[in-house]
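So you can see what is in the structure, the chains are spelled out below.
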Amino acid sequence: MAYIVLNKSNYFHNLSVISKKAGSIDKVAVVLKDNAYGHGLLEMASMAKEFGIKSAVVRTCEEAKKIETIFEQILILADTKSESYSHTFHIVINCLEDIQRLPENTNVHIKVDTGMHRNGIQIDSLEEAILGLCKRNLNLTGVMTHYRCADELSCDFFWQRNNFIQVKKEVKRICEKLFLSIPKFHSANSSALFRFKNYDDDLTRVGIAQYGYLETHPSFDNPILKPVLSLWGKKIATRELKKNQRVGYGAMFKAEKNMIISTYDVGYGDGFFRLNGVDKCETPKGYEILGRVSMDCLSINCEDEEVCIYDDVTKLAKIHNTITYEITTSLNPNIPKVIKS
Ligand SMILES: *Cc1c(COP(=O)(O)O)cnc(C)c1O
């Protein structure tokens, strides 16, 4: 079967760049939702712990349970229906109604809508929300927001940043009034973190940058990151393709001369998006993926026993007119993973 290699030294490189920018390793919460963007939840969690990371972010309680013993705190972005309670879990409230859904004593982070208008409560509902938490015996441990344009050259980032400064002031005022301790504040994802001169929140939620990618405007001060994941295929069969013979569905590739080709066990069934036989796609060694990609295999002008299909998905994301996030997150979770130091 196809397999994934996770490069630990690249991962540690990224984590040290990120921790330095955040100001401290303790401020870094690694976002491991959606099977760690396809990299493997448990594999990435254990490496992050080895590096010294203490906080993680996931989408559901089910994901959080799998890594409960690995981190000191786990932020759960969108799952208020679960009955489970843990000291380690901190559940995000995306609307006022969420307050009624949680078991007593749950640790709660309030998400505030500072301009993205997707999830989160309004700034002028903060007092109502915090009072609601007190009534239901829920612990306010964090207040957060999310930027809509941190990766783009626009002033929206600064506008939302200012809104969040107002949120901090307002939360501090309410907490003092109610004799509550001040919660942790956090706002930045990967692209936002690298737009700050001096990062002054208590936490940063870093997803894509830890995996080695950051697709932001070239004029920003972008760090050098190294992709962690590479996808490998094992050889199924080798043959000689004679001049003018064609390979695969739709006969999209035609041999201009006699050539040796092999099939490898990677296809769109593994979450490697289908190439249509028109766009050129080369492997890191310079071999070419020939014709269309099938469900369970693809053809390459090579006869190595194993071949690295990609070790950086930036170009592939362009070919598919999407972002790096989607390329790795789509990988089939069943693909075995190997950690290489
Ligand atoms: C997914 C997510 C992140 C991580 O974003 P990246 O761009 O991958 O760093 C951070 N915060 C929230 C709320 C998210 O949903």
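Enquirer: Residues and numbers for the nonpolar core, please.
Expert: Counting 96 residues, the largest nonpolar core has L32, F71 and F272 as the members making the most contacts within it. A total of six residues in this core trace back to one element, the largest contributor, which is helix α6 (residues 156–177). With sequence-adjacent residues up to four places away left out, L32 is seen in contact with L41, M44, A45, A56, V57, V58, E63, I67, F71, Q210 and Y211. Core analysis: the next-biggest nonpolar cluster, separate from the first, contains seven residues, V247, F253, A255 and L290 among them.

Enquirer: Can you break down the pattern of salt bridges residue by residue, with the values?
Expert: Taken as a whole and judged by the stated rule, the model has 15 salt bridges. Across the pair R173 and E127 runs a salt bridge, and its minimum N-O distance is 3.1 Å. In this pair, R173 sits in helix α6 while E127 sits in helix α5 (residues 126–135), placing the two residues 46 residues apart along the sequence. Taking the relative accessible area as the measure of exposure, R173 reaches 38% and is therefore partly exposed. The exposure class assigned to E127 is partly exposed, which follows from its relative accessible area of 23%. For K285, the salt bridge identified is with D304, shortest N-O distance 3.6 Å. Of this pair, K285 sits in the loop between β13 (259–264) and β14 (289–290) while D304 sits in the loop between β15 (298–300) and β16 (306–310); the two residues are 19 residues apart in sequence, bridging distant segments of the chain. Three or more residues joined by partner-sharing salt bridges are found here, namely E127, E170, R173 and K177.

Enquirer: Can you explain the environment of M295? Please cite residues and give values.
Expert: Residue placement: M295 occurs in the loop between β14 and β15. On the basis of relative accessibility, which here comes to 46%, the residue M295 falls in the partly exposed class. Expressed as a C-alpha distance, the spacing of M295 and R59, which sit 236 residues apart in the sequence, is 29 Å. Here M295 is in contact with G267, Y268, G269 and D270, once residues within four sequence places are set aside.

Enquirer: An account of the side chain of S294 is needed here, citing residue identities and associated values.
Expert: Structurally, the position occupied by S294 is in the loop between β14 and β15. Look past the residues within four positions of S294 in its chain and what remains in contact with it is Y249, G267 and Y268.

Criteria and cut-off values
- The residue count restarts for each chain, going from 1 along the sequence in the order it is written.
- Given that the model is predicted, a residue must reach a pLDDT of at least 70 before its local features are reported, and side-chain atom pairs must reach 80 or more before they are shown or counted; all residues, however, enter totals for whole chains, interfaces and linings.
- To get the side-chain values, all heavy atoms of the structure are used, and hydrogens and water are removed first.
- In these notes, a set of buried Ala, Val, Leu, Ile, Met, Phe, Trp, Tyr and Cys residues joined through side-chain atoms within 4.5 Å is what counts as a nonpolar core.
- Accessible area is worked out with a 1.4 Å probe on protein chains only. A residue is then buried under 20% of its type maximum, exposed over 50%, and partly exposed in between.
- Secondary structure follows DSSP: runs of H or I at least 4 residues long count as helices, runs of E at least 2 residues long count as strands, and numbering of each begins at the N terminus.
- A contact between two residues is defined here by any heavy atoms of the two lying within 4.5 Å.
- Here a salt bridge means any side-chain nitrogen of Lys or Arg lying within 4 Å of a carboxyl oxygen belonging to Asp or Glu.

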